[in-house]
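# Observations on the model geometry
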Amino acid sequence: TASVLGARFEYSVLIGIYPGPPADVDRALDSDAVKLLLVAEPRSRATDDKAHAWRSTAVRDIVYNLMLLSARQRLHLQAAEFYERVTALRSGEGLPTDVGMSARHYAKSDKAELLKAEKLLTAGRVAIDGGDYADGENWLDQCRTVLEREETEAEREDVGRHPGPAARDDRLRHVDADLLV
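On a predicted model such as this, the values are computed, not experimentally measured, just so you know.

### As for the side chain of Ser3
Note on placement: Ser3 falls in the segment before β1 (8-10). Residue classification places Ser3 among the buried residues on the basis of a relative accessible area of 1%. When near neighbours in sequence (up to four residues on either side) are disregarded, Ser3 contacts Trp54, Arg60, Val63, Tyr64 and Met67.

### Considerations on the nonpolar core
Counting 19 residues, the largest nonpolar core has Leu5, Phe9, Leu14, Ile17 and Leu29 as its most contacted members. Secondary-structure elements contributing two or more residues to this core are α1 (11-17), α2 (22-30) and α5 (69-92). At 5 residues, the largest contribution of residues to this core is made by α5. Leaving out residues up to four positions away in the same chain, Leu14 has contacts with Thr1, Ala2, Leu5, Phe9, Val25 and Leu29. With 13 residues, the next largest nonpolar core counts Ala103, Leu121, Ala123 and Val146 among its residues.

### Considering the sheet that holds strand β2 (residues 38-41)
If you trace the 3 strands from one edge of the open sheet to the other, you get β1-β3-β2, paired in antiparallel fashion. If you trace the sheet from one side to the other, it starts and ends with β1 and β2, each paired once. Looking at each pair of strands side by side, their axes are set apart by 30 degrees on average, direction ignored. Across 3 bridges, the pairing between β1 and strand β3 (residues 51-54) is antiparallel. Residue pairing across strands places Phe9 opposite His52, the latter belonging to β3.

### Section: α5
Counted at 1.5 Å a residue, the expected span for α5 with its 24 residues is 34 Å, and the 34 Å between its end C-alpha atoms agrees. Among all positions of α5, only Ala71, Arg72, Gln73, Leu75, His76, Leu77, Ala79, Ala80, Phe82, Tyr83, Thr87 and Arg90 are buried. Along its buried surface, α5 packs onto α1, α4 (57-66) and α6 (99-107).

### Topic: the environment of Arg149
Its location among the elements puts Arg149 in helix α8 (residues 133-157). Between the alpha carbons of Arg149 and Glu113 there is a distance of 8.6 Å; along the sequence they are 36 residues apart.

### Remarks on the pairing of β3
Burial along β3 is two-sided: Ala51 and Ala53 and His52 and Trp54, pointing in opposite directions, are all buried. Pairing of β2 with β3, which is carried by 4 bridges, proceeds in the antiparallel orientation. Residue Glu41 lies in a different strand from β3, and its bridge partner there is Ala51.

Cut-offs applied
- Residues numbered from 1 in each chain as written.
- Predicted model: local features only at pLDDT ≥ 70, side-chain atom pairs only at ≥ 80, totals over all residues.
- Heavy atoms only, no water.
- Helix = DSSP H or I, 4+ residues; strand = E, 2+ residues; numbered from the N terminus.
- Buried < 20%, exposed > 50% of the residue type's maximum accessible area, 1.4 Å probe, protein only.
- Contact = heavy atoms within 4.5 Å.
- Core = buried A, V, L, I, M, F, W, Y, C linked by side-chain atoms within 4.5 Å.
- Pairing = 2+ DSSP bridges.
- Axes fitted to C-alpha atoms, helices over the stretch in contact; angles between N-to-C directions.
- Expected span 1.5 Å × (residues − 1).

Structure representation (structure tokens):
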């Protein structure tokens, strides 16, 4: 489960996506086997949450890639939904948020491609609004890629009823226009 969260992750996120009781996670994190793979890190300044990191990103990548694709996608979806809930709570309290984490996990989930595009578009807008133009451009490029891929798949599935390239161009212009908003 932890390999889906990246090279470094916060305890609350792991608890948030793990299907069992938190005591199971605590027992696992305290086990000798897991201590060979993960190292406890200082608490996060932003959240005062415990954090862990993989001792080796290569080992993390192996663990991640040994997981079935469907399991990885499900866990990415759970992580994205967790970050989305946290973002909503934090923004409601006037605290800084990171919609990029939600978008990163949605992009690797099995959710519908258009939902991924919506989340990537939101992440792009937030990054640009916050002055991070490079990150914003990255999110919007990913959004464009998702929309183009979705369009190509739709064309293959239903050539006769598909609105064609003009509709795709309109959707992509909409993404570009959202940059200006």
